[in-house]
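# Descriptive analysis of the structure
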Amino acid sequence: MEQILLSKRFNKIDPYSIKDYLKSNGYQILREALKMKPKEILDEIKLSKIVGRGGAGFPTAIKMAGIKNETDKKYIVCNADEGEPGNFKDRHLMEKDPHSIIEGMIISAYTIGAYHGYIYIRGEYDTAIDIMKNAIEEARNNNFLGKNILQSEFSFNIEVRRGAGAYICGEEFALIESIEGKPGRTRVKPPYPSQAGIFNYPTLINNVETFCNLPIILDMGGKAYAELGSDYISGTKLISLSGNVKKPGLYEVPYGTTIKQVIEELGGGVDQGRNLKMIQLGGACGPIIPRNLIDMDIDNERFEIFDSKMGAGAIIVMDDRFDLFDIIHRNMKFFEHESCGKCMPCREGHRQVVTLIEKFVHYNATEDDLHSLKSLVDVIHETTLCGLGQTSIASILSTMTFFNEDYQRRIEDSKRKSETLW
Amino acid sequence: MLVDSILNHYPKEKDYVIEILLDVQKEKEDNFISQEEVKKIAYYLDTTESHVCSVLSFYTLLSTKPRGKNIIQVCKDVPCYVRDDFNLLKTVKDFLGVNFNETTTDRIFTLETTACIGCCDEAPVMRINDRVYKNLTKDKAIKILKEYRGNDY
Ligand SMILES: Cc1cc2nc3c(=O)[nH]c(=O)nc-3n(C[C@H](O)[C@H](O)[C@H](O)COP(=O)(O)O)c2cc1C
Ligand code: SF4
Ligand code: FES
């Protein structure tokens, strides 16, 4: 069931050695790409139908084409801020195959005509930072970066920038602000980063995994790549599987694989023979679904029924020892802490959501609290400025549908508790 | 001076402020940025002290208060929580005798919690300075803490 493209070099090469990378066909595709016209590369990417792997699932070719036509100075950014609880794929890519990210970035830069690139890595990823810095240095010493790359007309450099512990900096405009040396607070869109990004120059931001796919696409051809995966999304996906399974870990599967296959066949099923209670998809901002929905495919389209997406590919498995409200509470504490504070419904809303959920956790909830919670999450969902507020409440919205009886039972039990206290 | 030698590594451009703050803090025994250092950094980058402070206060990894020599961050997010059957945070708290966001009286440790640090495949985890300790059990966690403490006696 696994299909190994992105992870083909994992544990087979020394990430500190460019020699190992070169021996395994590394930078060979860049060599070929530099002989192509940028337009030809873009056409292959278009044919591949690849969509971004950072969570929002936007078609990569459209984003690149949108920038290409602009003339001025252009930037390219690799988003390695990976901070959504339950996600660890970008760390594995950086720690195990750093040059494939760099190769993908150089190819993108050549395609859109960017002259400078950043890779923005969260500050907690000390090992990944060290490996990426070393890889960039080695790439420069071998003229894959720098002036006139491989005797071509094209020059390009990459610099590592560290985050400092703010999840919101994964959001593209917050990230841009952070690279400019400011607090990571988002900007109002439009204009989009492709129009006015870093220092107001056109900027292409992609996820680590998206960049890693580009050499693969050019290698096999866009058309062949489009054949991989499901009817909805092409290619393979790195899945971060965590929680109560026998074998948590990173797995690469084609889109169209079911959640059940990942949990049972790759993850070895629920640990210690316990029963599955719920699964959170995508990370803390994803929906929580019950056992009977795990036959669902891993591809974004299907998740629109709860107005949320598969995100970056996390599957968090929880067995029946865990209380739904305890889990939601932890999710909401995360967002309360990570809100950048720019807009009121997010800053104040999460604080109130936490208070309301605490009532459910402590068996003090009433029907009125449920109503307040419902309207509050709608307000947060509808009126916040960036993706954090728009998606943070997915765990509540989804469980109000799929675990409605848990809410009802908790209200009943709360009533009983208050009556016995009288 | 410590700050000067770090500043000299960077161009005089404002966008490097976060990099500089991270480097300065890392070199300091008490893991924080002082007002004096803010002043120097602002002067070097030709910006205001209040701008440097606004950056400093926004980012969780940066501190304006003195902390211990070793920063312990225990992960408290869901993937770690559901695999933690011995209560890692309590184990560390009990060993150190402090609550989170507190520093031990010998100033060797500050205990903090952290959001997910992307090691959920080897949960539960904690980060001490720039190392992540994974697949922790109660015994393993205590052994690690003892080693850090031991180094200082
Ligand atoms: C709160 C928030 C956090 C995000 N964090 C990340 C992240 O850590 N990594 C990432 O690639 N994208 C993240 N994104 C999505 C980015 O804004 C952006 O869509 C993505 O980097 C685009 O790359 P892609 O097209 O390759 O997916 C985040 C979005 C939001 C709203
Ligand atoms: S939704 Fe939250 S994180 Fe996003 S801009 Fe508003 S306050 Fe900041
Ligand atoms: S939840 Fe602890 S490392 Fe991810």
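Owing to the predicted nature of the structure, the values given are computational and were not obtained by experimental measurement.

## Regarding the overall build of chain A
- Counting its regular elements, chain A contains 17 helices and nine strands.
- Dimensions of chain A, computed from C-alpha atoms along their principal axes, come out at roughly 85 × 45 × 35 Å.
- A burial count over chain A gives 62% of its 422 residues as buried.
- Sequence separation of 24 or more characterises 71% of the internal contacts of chain A that already satisfy a separation of 6 or more.
- The distance from the centre of the 52 positive side-chain charges to the centre of the 59 negative ones in chain A is 3 Å.

## Focus on the overall build of chain B
- Across its full length, chain B holds seven helices and five strands.
- Tracing chain B from N to C terminus, the helices and strands come up as α-α-α-α-β-α-α-β-β-β-β-α.
- Overall size of chain B, expressed as C-alpha extent along the three principal axes, is 50 × 35 × 25 Å.
- In chain B, the proportion of contacts linking residues at least 24 apart, taken out of those at least 6 apart, comes to 60%.
- Summing over all exposed atoms, chain B offers an accessible surface of approximately 7,300 Å²; the carbon and sulfur share of this is 49%.
- One finds the centroid of the 22 positive side-chain charges in chain B at a distance of 4 Å from the centroid of its 25 negative side-chain charges.

## Focus on empty space enclosed by the protein
Residue and element names in this part refer to chain A.
- Counting across every chain of the model gives four cavities of 30 Å³ or more.
- When its volume is computed, the largest cavity comes out at roughly 80 Å³.
- In terms of lining residues, the largest cavity is bounded by 13 residues, among which Cys 340, Cys 343, Cys 346, Cys 386 and Leu 388 are the most central.
- Among the residues making up the lining of the largest cavity, the classes are represented as seven nonpolar, five polar and one charged.

## Observations regarding the nonpolar core
- Core analysis: the biggest nonpolar cluster contains 64 residues, and Ile 101, Ile 102, Ile 106 and Ile 119 of chain A have the highest contact counts within it.
- Of all the elements, helix 6 (residues 98–112) of chain A adds the most residues to this core, at eight residues.
- Those residues in contact with Ile 119 of chain A, other than ones at most four positions away along the chain, are Cys 78, Ala 80, Met 94, Ile 101, Met 132, Ile 136, Ile 158, Glu 159, Val 160 and Arg 161 of chain A.
- With 50 residues, the next largest nonpolar core counts Tyr 75, Ala 164 and Ile 168 of chain A together with Tyr 16 of chain B among its residues.

## Some points on the pairing of strand 1 (residues 70–75) of chain B
All names here are of chain B.
- The buried count for strand 1 comes to six of six residues, which makes it a mostly enclosed element.
- Going residue by residue along strand 1, you find Asn 70, Ile 72 and Val 74 tucked away on one face and Ile 71, Gln 73 and Cys 75 tucked away on the opposite face as well.
- The pairing of strand 1 with strand 3 (residues 109–114) spans six bridges and is classified as parallel. Bridging across to strand 3, Gln 73 finds its partner in Glu 112.
- Of the strand pairs in this sheet, strand 1 and strand 4 (residues 126–128) are connected by three bridges, and their pairing is antiparallel. Bridge pairing links Ile 72 to Ile 128 in strand 4.

## Details of the interface of chain B and chain A
- Across the contact, 34 residues belong to chain B and 52 residues belong to chain A.
- Summed over both sides, the interface between chain B and chain A buries roughly 3,400 Å², with carbon and sulfur atoms accounting for 55% of that surface.
- Connecting chain B to chain A are five salt bridges.
- With a shortest N-O distance of 2.8 Å, Arg 161 of chain A and Asp 15 of chain B are connected by a salt bridge.
- Our count for the contact surface shared by chain B and chain A stands at 22 residue pairs in polar contact (both at pLDDT 80 or more).
- When contributions to the side of chain B that touches chain A are tallied by element, the ones reaching two or more residues are helix 2 (17–27), helix 4 (49–58) and helix 5 (78–81) of chain B.

## Focus: the domain arrangement of chain B
- According to the domain assignment, chain B contains domain 1 (2–58) and domain 2 (70–151).
- Taken over C-alpha atoms, the centre of domain 1 of chain B sits 28 Å from the centre of domain 2 of chain B.

## Remarks on the site of ligand 1
Residue and element names in this part refer to chain A.
- Looking at ligand 1, there are 19 residues lining it, with Gly 54, Lys 63, Asn 79, Asn 207 and Thr 210 nearest.
- At 3.2 Å from an oxygen atom of ligand 1 is found a side-chain nitrogen or oxygen belonging to Asn 206.
- Contact with the protein chains hides 87% of the accessible area of ligand 1, taken as 610 Å² for the molecule alone.
- Elements with a contribution of two residues or more to the shell around ligand 1: strand 4 (203–207) and helix 15 (387–391).
- If one sorts the elements of the shell around ligand 1 by residue count, strand 4 sits on top with three residues.
- Looking at the shell around ligand 1 residue by residue, the class counts come to four nonpolar, nine polar and six charged.

## Quick notes on the pairing of strand 3 (residues 157–162) of chain A
Residues and elements named next belong to chain A.
- Within strand 3, five of the six residues are buried, leaving the element largely enclosed by the surrounding structure.
- One ladder, built from six bridges, connects strand 2 (residues 116–121) with strand 3; its direction is parallel. Residue pairing in the sheet places Tyr 118 in a bridge with Glu 159 of strand 3.
- You can see the chain leave strand 2, run along helix 7 (residues 126–141) and come back into strand 3, and the turn it takes is right-handed.

## Considering the sheet that holds strand 2 of chain A
Residues and elements named next belong to chain A.
- The strand order across the open sheet built from four strands is 3-2-1-4, with neighbouring strands paired in parallel fashion. Strand pairing shows two members of the sheet lacking a second neighbour, strand 3 and strand 4, which therefore form its edges. Here the average twist between neighbouring strands, direction ignored, is 20 degrees.
- Relative to strand 2, strand 1 (residues 75–80) is paired through six bridges, and the arrangement is parallel. Within strand 2, the residue paired with Cys 78 across the bridge is Ile 119.
- Lying over the sheet, helix 8 (residues 172–179) contacts strand 1, strand 2, strand 3 and strand 4, oriented at roughly 105 degrees with respect to strand 2.

## Regarding the state of the cysteines
- The full count for this structure, using the stated rule, is zero disulfides over all chains.
- No disulfide involves Cys 169 of chain A; its sulfur sits 9.1 Å from the nearest other cysteine sulfur, which is in Cys 340 of chain A.
- Overall, the relative accessible area of 0% leaves Cys 169 of chain A in the buried class.
- This cysteine, Cys 119 of chain B, is not joined by any disulfide, and Cys 120 of chain B carries the nearest cysteine sulfur, 7.2 Å off.
- Overall, Cys 119 of chain B belongs to the buried group, its relative accessible area being 4%.

## Things to note about the site of ligand 2
Residues and elements named next belong to chain A.
- Cys 340, Lys 342, Cys 343, Cys 346 and Cys 386 are the nearest of the 13 residues found near ligand 2.
- Using a 2 Å cut-off from the grid points, one finds that ligand 2 occupies the largest cavity.
- Residue composition of the shell around ligand 2, grouped by class: seven nonpolar, five polar and one charged.

Cut-offs and rules
- Position labels on residues start from 1 in each chain and follow its written sequence.
- Chains and ligands are labelled sequentially in the order written, the chains with letters from A and the ligands with numbers from 1.
- Given that this is a predicted model, residues contribute local features only at a pLDDT of at least 70 and side-chain atom pairs are listed and counted only at 80 or more, while totals for whole chains, interfaces and linings are drawn from all residues.
- Here the side-chain values reflect all heavy atoms present in the structure, with hydrogen atoms and water set aside.
- Helix and strand assignments come from DSSP, with helices taken as H or I runs of at least 4 residues and strands as E runs of at least 2, each series counted from the N terminus.
- Only protein chains enter the accessibility calculation, which uses a 1.4 Å probe; a residue is then buried when its area is under 20% of its type maximum, exposed when over 50%, and partly exposed in between.
- Here a residue-residue contact requires only that any non-hydrogen atoms of the pair lie within 4.5 Å.
- Under the convention used here, Asp and Glu are negative, Lys and Arg are positive, and both His and the chain ends fall outside the count.
- For charged residues, the charge sits on one atom: NZ in Lys, CZ in Arg, CG in Asp, CD in Glu.
- Shrake-Rupley sampling with a 1.4 Å probe provides the accessible areas, and residues are treated as covered by the protein chains on show and by no other component.
- Every definition here rests on a 1 Å grid over the protein atoms only: cavities are sets of points where a 1.4 Å probe fits but cannot get out, pockets are open sets enclosed by protein on both sides within 12 Å along at least five of seven lines, and lining residues have some atom within 4 Å of a point.
- Grid points are joined across faces, edges and corners, and a volume is the space filled by probe spheres set on the points.
- Under the convention adopted here, Pro, Cys and the residues Ala, Val, Leu, Ile, Met, Phe, Trp and Tyr are nonpolar, Asp, Glu, Lys and Arg are charged, and Gly plus all remaining residues are polar.
- Note on terminology: a nonpolar core comprises buried Ala, Val, Leu, Ile, Met, Phe, Trp, Tyr and Cys residues joined through side-chain atoms within 4.5 Å.
- Note on pairing: two strands pair once DSSP finds at least 2 bridges between them.
- For any pair of parts, buried area is found by adding up, for both, the accessible area (1.4 Å probe) each one loses once the two are put together.
- Counted as salt bridges are all cases of a side-chain nitrogen of Lys or Arg within 4 Å of a carboxyl oxygen of Asp or Glu.
- Any pair of nitrogen or oxygen atoms within 3.5 Å is treated as a polar contact; in protein, a donor-acceptor pairing is required on top of that, and neighbouring residues in sequence qualify only through side-chain atoms on both sides.
- Residue ranges labeled as domains rest on an automatic or database domain assignment.
- Near is defined per residue: the residue qualifies when any heavy atom it owns lies within 4 Å of the molecule or strand.
- Convention used here: a crossover is right-handed provided that the path from the first strand, over the helix, to the second strand proceeds clockwise when the strands point away from the viewer.
- Lines fitted to C-alpha atoms define the axes here, with helix axes fitted over just the stretch in contact, and angles between the N-to-C directions of these axes take values from 0 to 180 degrees.
- Criterion for a disulfide: a pair of cysteine sulfur atoms at a distance within 2.5 Å.
- Placement in a cavity or pocket follows one criterion, namely that more than half of the molecule's atoms lie within 2 Å of its grid points.

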